[in-house]
Structure formats: structure tokens, C-alpha cells
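Below are the chains, spelled out letter by letter.
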Amino acid sequence: ATKDKEVAKTEDKQMTVFPRHWMLPSIPSLKEASQALGLYMEDDKELVRFQEDKDGFVLTLDTHMYRPSELHLTVKDGQVNISGKHEERSQDGKKVTIRQFQRMYSLPEGVTKEDVVTNLSADGVLVVTAKKGGASKK
């Protein structure tokens, strides 16, 4: 009886996978939900969402194709620069595939380098928050 209760508990839990851009055409309900949330509104395949208000912005990027060590973020001269570069080499060394991206965003007025906060989830979703007083709120 105890084992049945444990199975029932695990069946109740649903794993929510962050929807990828390529999933949207094949699952209409995902497309509708993503539009309602403002996800993937541009043709940029890495950009999930960019929300801006009077206090700053929150940027969400899909970086699941890159290792954490392949992602770089710098804040300099009022600019947030995010880049990623991934190289794959064939075993015989005759073929190299390189995938890379770079995004640059201006910091809103009143937002400093110290106000920029990043978070990389286990499934490769990078969230960059640049809000006035953002670092001191945590």
C-alpha cells in the first residue's frame, strides 16, 4: 500500500520542459501559450523573450546548445555583451562545425554594472536581469 502511494505521488508530479522554438509549430497549444507569455516573438532563434520597463530589462535566451564554459557575458561602457561559441570536431579532424552568437544590449539609464544579474538554468535557459538596484534586492 505504501509503494502504491509513492507511485501515485510521482505520477501527480509533471515535469515541465521549457518550450524550445522548434517545438512550437508541432504543438499548437505551446505556440498559443508562448504567444500569451511573449515568448519567441522575433525571428532570433536564441532570443526567448525581452521585457523592458522603466526600471530596466529582463532578457531570456535559449542557450541549451552551448556549454556553460562557452558562454560569456561582459558589462562595459553601458553595454551588456553576451556571446557563445561552440566548436565540434570530427574524430578524424577533417570536419569542424562552429556555432556562435553575440547579442549586445544598452543598459537603461540609472542601471549600473552591479545591477546586472544572470542565471543559467540546468536546461540551458539564460536569464539576464538589468534592473535599477537589481543586485541589492537579492
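Residues numbered from 1 in each chain as written. Predicted model: local features only at pLDDT ≥ 70, side-chain atom pairs only at ≥ 80, totals over all residues. Heavy atoms only, no water.

## Quick look at the sheet that holds strand 7 (residues 125-131)
So, step 1. Here 4 strands make up an open sheet; going across it, the order is 1-2-7-6 and the pairing antiparallel. Each edge of the open sheet carries a strand with a single partner, namely strand 1 (47-53) and strand 6 (116-120). Averaged over all neighbouring strand pairs, the angle between strand axes comes to 10°, with direction disregarded.
So, step 2. Strand direction decides the pairing type here: strand 2 (residues 56-62) and strand 7, joined by 7 bridges, are antiparallel. (Pairing = 2+ DSSP bridges. Helix = DSSP H or I, 4+ residues; strand = E, 2+ residues; numbered from the N terminus. Axes fitted to C-alpha atoms, helices over the stretch in contact; angles between N-to-C directions.)

## What to know about the packing of aromatic side chains
So, step 1. Applying the stated criterion to the full structure yields 4 aromatic pairs.
So, step 2. A centroid spacing of 6.0 Å and a plane angle of 45° characterise the contact between Phe57 and Tyr105, whose relative ring orientation is tilted. Residue Phe57 is located in strand 2, and its partner Tyr105 is located in strand 5 (residues 96-106); the two are separated by 48 residues in the primary sequence.
So, step 3. Its relative accessible area of 1% is what places Phe57 among the buried residues.
So, step 4. Judged by its relative accessible area of 14%, Tyr105 is buried.
So, step 5. Measuring from centroid to centroid gives 5.2 Å for Tyr66 and Phe101, while their planes differ by 70°, and the two rings are edge-to-face. Remark: Phe101 occurs in strand 5 and Tyr66 occurs in the loop between strand 2 and strand 3 (71-76); sequence separation between them is 35 residues. Residue Tyr66 shares its accessibility class with Phe101, and that shared class is buried. (Phe/Tyr/Trp six-rings, centres within 6.5 Å; stacked < 30°, edge-to-face > 60°. Buried < 20%, exposed > 50% of the residue type's maximum accessible area, 1.4 Å probe, protein only.)

## Some words on the confidence of the model for the chain
So, step 1. Summing up the model confidence of the chain, the mean pLDDT is 78 and the portion of residues at 70 or higher is 64%.
So, step 2. Least confident of the elements in the chain is helix 1 (residues 2-12), whose mean pLDDT is 45; most confident is strand 3, at 96.
So, step 3. Across residues 2-15 the pLDDT falls below 50, and counting only partners more than four positions away or on other chains, this stretch makes 0 contacts in the model. (pLDDT = per-residue confidence, 0-100. Contact = heavy atoms within 4.5 Å.)

## So, the sheet that holds strand 4 (residues 79-89)
So, step 1. On the basis of which strands lie adjacent, the open sheet formed by 3 strands has the order 3-4-5 and antiparallel pairing. Both outer strands of the open sheet, strand 3 and strand 5, are each paired with one neighbouring strand and no more. Here the average twist between neighbouring strands, direction ignored, is 15°.
So, step 2. Where strand 3 meets strand 4, 6 bridges bridge the pair, whose relative direction is antiparallel. Bridge pairing in strand 4 places Thr74 opposite Asn81.

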